[in-house]
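# Examining the three-dimensional arrangement
Here are the chains, one letter per residue:
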Amino acid sequence: MFDNLSEKLLGSLKKVRGQGKITEKNIEDAIKEIRLGLLEADVNFKVVKSFIDKVKEKALGQDVLNSISAGQQFTKIVHDELVNVLGGEATPLNFRNSKPGEPAVIFMVGLQGTGKTTSSAKLALHLRQKHGKKPGLLPVDVYRPAAIEQLKTLGKQNELPVFSSDPNKKPQQLLEEAKVWAKEEMIEVLIVDTAGRLQVDENLMTELADLKQIWAPSEILLVADAMLGQQAVSVAEGFNERLGLTGLILTKIDGDARGGAALSIRESTGVPIKFLGVGEKVGNLEVFHPDRLASRILDMGDVVSLVEKAQDVIDEKEARTAAKKMAKNQFTVEDFLKQIQMMKKLGGIESILGMMPGMGQAMKKMKNMAPPEKEIKKIEAIIRSMTDKERRNHKILNGSRRKRIAMGSGTEVSDVNKFIKQFEESQKMMSRFMKMGMGRGGFPGFGGGGGMPF
Ligand SMILES: Nc1nc2c(ncn2[C@@H]2O[C@H](COP(=O)(O)OP(=O)(O)OP(=O)(O)O)[C@@H](O)[C@H]2O)c(=O)[nH]1
Ligand SMILES: [Mg+2]
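Summarised in this report is the structure supplied together with it.

Lining the immediate surroundings of ligand 1 are 20 residues, of which Lys116, Thr117, Thr118, Asp254 and Glu280 lie closest. Contact between ligand 1 and Lys122: an oxygen atom at 3.4 Å from a side-chain N or O atom of the residue. Glu280 is positioned with one of its side-chain polar atoms (N or O) 2.9 Å from an oxygen atom of ligand 1. Here ligand 1, which alone exposes 650 Å², has 82% of that area covered by the protein. Of all the elements, helix 5 (residues 116–131) adds the most residues to the shell around ligand 1, at four residues. Tallied by class, the residues present in the shell around ligand 1 amount to two nonpolar, 11 polar and seven charged.

In structure tokens, the structure reads:
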């Protein structure tokens, strides 16, 4: 996530931390680099200026220079300013209904292809899973053929109720009709997936303003593509002026967005980011927490999100046992299989490592070591062809055993050898990780803490 920006910021912070005695010049040089990093990430120049001014004021104004931990204090100043520019506190989603007995309504608006329909389904799932609400989905994109079907399909796949919108009717009419349906279905939050346009145009704005009159929404969320950088900011300004946005969903954060949209949009529009879209799947939605994103950018890890995510899929007792084993280098092939399965549930190794302190940068190297999906299938087959005894102690795998395993798993002996080698490498790495204490080695005083949840 925001790899280049991350690298630049870390580079400049490292230089300051590496100094024995810090001078004003050190700090000024670092600030210059940070400024450049932000501009390169396509952050709005006004936002960059105010960011830099604040960092400068804090870093040179306080007794930072004289303190023994000046480097760390400087890091903290940059971190805090990142949190600020991202909006400070997280802003929760408002799904209170405006009239008793009626569901709350959330409008999803935005330009074409930004992820409105996908995010509608993601949000519905989130409301059901995290808030115990019964969501309903209302497609009102009657212009693009198959738009309604797209939402219906997503609804079917995830057992979410979707209103059968008639594409020959107007969006205004559909919203009226959905009122009756939502009551019958006891929907608590109705998510309205609106049509996109190529650019902010008058027809679209009038239509959305009409819809707002028919049913006052508790939220009007702009779905904006983070890859568009500052362009997303001007779109947000356009929508906000006309409709009054209550929040933003920034999508495609998993792509190679540079960070400009995320870092500029709140400061420029005043509208809070509420969610991040981090992938194409319906589960790939994250509640936005400014401090957590700032920590991720500065590679302090986002252990809180990781733990939260892990709690959904991981058995805590099992996790503790595994962690102990890792630290003692007693991690077995059997444990490895369990990890693979958990990682799959957690969204893959990349997404996990990205949240670990100090791992963002190391991740690039690790990525090559982490087996891709196809390899994982092979590995699973290999492990499943091993006996219990072999899984607990891979050291006994001699030539004939390896041959038998290759036969049993439909692979080659070379695949088995490769796996064993990989396993031993990751065993070593895990042990190193656990000894580091996951985060304690990073920045004392903040971030960090907590062990690996598995
Ligand atoms: N990688 C990634 N892809 C996403 C994300 N959100 C949406 N997409 C993809 O973006 C494409 C467009 O998504 P849609 O949900 O159809 O976008 P839309 O805004 O409804 O599009 P229109 O209705 O045509 O205006 C699809 O291929 C989605 O899978 C995300 O967070 N990450
Ligand atoms: Mg759509």
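Still more to cover.
Attention now goes to the nonpolar core. Counting residues in each nonpolar core, the largest one holds 78 residues, and the members touching the most others are Leu38, Phe51, Phe74, Phe239, Leu250 and Leu263. For this core, the domains that each give at least three residues are domain 1 (3–85) and domain 2 (104–297). Filtering out sequence-adjacent residues up to four positions away, Phe51 remains in contact with Ile34, Leu38, Val78, Glu81, Leu82 and Val85. Within the second largest apolar cluster, 23 residues are counted, among which are Ile106, Met108, Leu127 and Ile249.

A full pass over the atoms with the stated rule returns 20 salt bridges. The partner of Glu33 in a salt bridge is Lys15, and the shortest N-O contact between them spans 2.7 Å. On the criterion of sequence distance, the pair formed by Glu33 in helix 2 (residues 24–40) and Lys15 in helix 1 (residues 3–17) is long-range, its members being 18 residues apart. Lys15 gets classed as partly exposed once you look at its relative accessible area, which sits at 48%. Across the salt bridge formed by Glu188 and Lys133, the nearest N and O atoms sit 3.9 Å from each other. Remark: Lys133 occurs in the loop between helix 5 and strand 2 (135–139) and Glu188 occurs in the loop between helix 7 (171–184) and strand 3 (189–193); sequence separation between them is 55 residues. Among the residues examined, Lys133 registers a relative accessible area of 27% and is labelled partly exposed. Within the structure, one salt-bridge network assembled from shared partners comprises Lys54, Lys58 and Glu81.

Another aspect to go through is the sheet that holds strand 5 (residues 247–251). Strands sit in the order 2-3-1-4-5-6-7 across an open sheet of seven strands; the sheet is mixed. The open sheet is flanked by strand 2 and strand 7 (285–287), the only strands paired with a single partner. Neighbouring strand axes in the sheet, compared pairwise and without regard to direction, differ in orientation by 25° on average. As judged from the three bridges shared by strand 6 (residues 273–277) and strand 7, these two strands associate in the antiparallel manner. Counted as the bridge partner of Leu276 is Glu286 from strand 7. Packing against the sheet, helix 5 makes contact with strand 1 (104–109), strand 2, strand 3, strand 4 (219–225), strand 5, strand 6 and strand 7, and its axis sits at approximately 170° to strand 3.

With that settled, consider the packing of aromatic side chains. Under the definition given, this model contains two aromatic pairs. Arranged with centres 6.2 Å apart and planes meeting at 35°, the rings of Phe419 and Phe423 form a pair that is tilted. Linking Phe419 with Phe423, this pair stays in helix 20 (residues 413–436), spanning four residues, or about one helical turn. Residue class for Phe419 comes out buried when judged on its relative accessible area of 2%. For Phe423, a relative accessible area of 0% gives the class buried.

Criteria and cut-off values
Residues numbered from 1 in each chain as written. Chains lettered and ligands numbered in written order. Predicted model: local features only at pLDDT ≥ 70, side-chain atom pairs only at ≥ 80, totals over all residues. Heavy atoms only, no water. Near = heavy atom within 4 Å. Polar contact = N/O pair within 3.5 Å; in protein donor to acceptor, adjacent residues only side chain to side chain. Areas by Shrake-Rupley, 256 points an atom, 1.4 Å probe, with all protein chains shown as cover. Helix = DSSP H or I, 4+ residues; strand = E, 2+ residues; numbered from the N terminus. Nonpolar A, V, L, I, M, F, W, Y, C, P; charged D, E, K, R; others polar. Core = buried A, V, L, I, M, F, W, Y, C linked by side-chain atoms within 4.5 Å. Buried < 20%, exposed > 50% of the residue type's maximum accessible area, 1.4 Å probe, protein only. Domains from an automatic or database assignment. Contact = heavy atoms within 4.5 Å. Salt bridge = Lys/Arg side-chain N within 4 Å of Asp/Glu carboxyl O. Pairing = 2+ DSSP bridges. Axes fitted to C-alpha atoms, helices over the stretch in contact; angles between N-to-C directions. Phe/Tyr/Trp six-rings, centres within 6.5 Å; stacked < 30°, edge-to-face > 60°.

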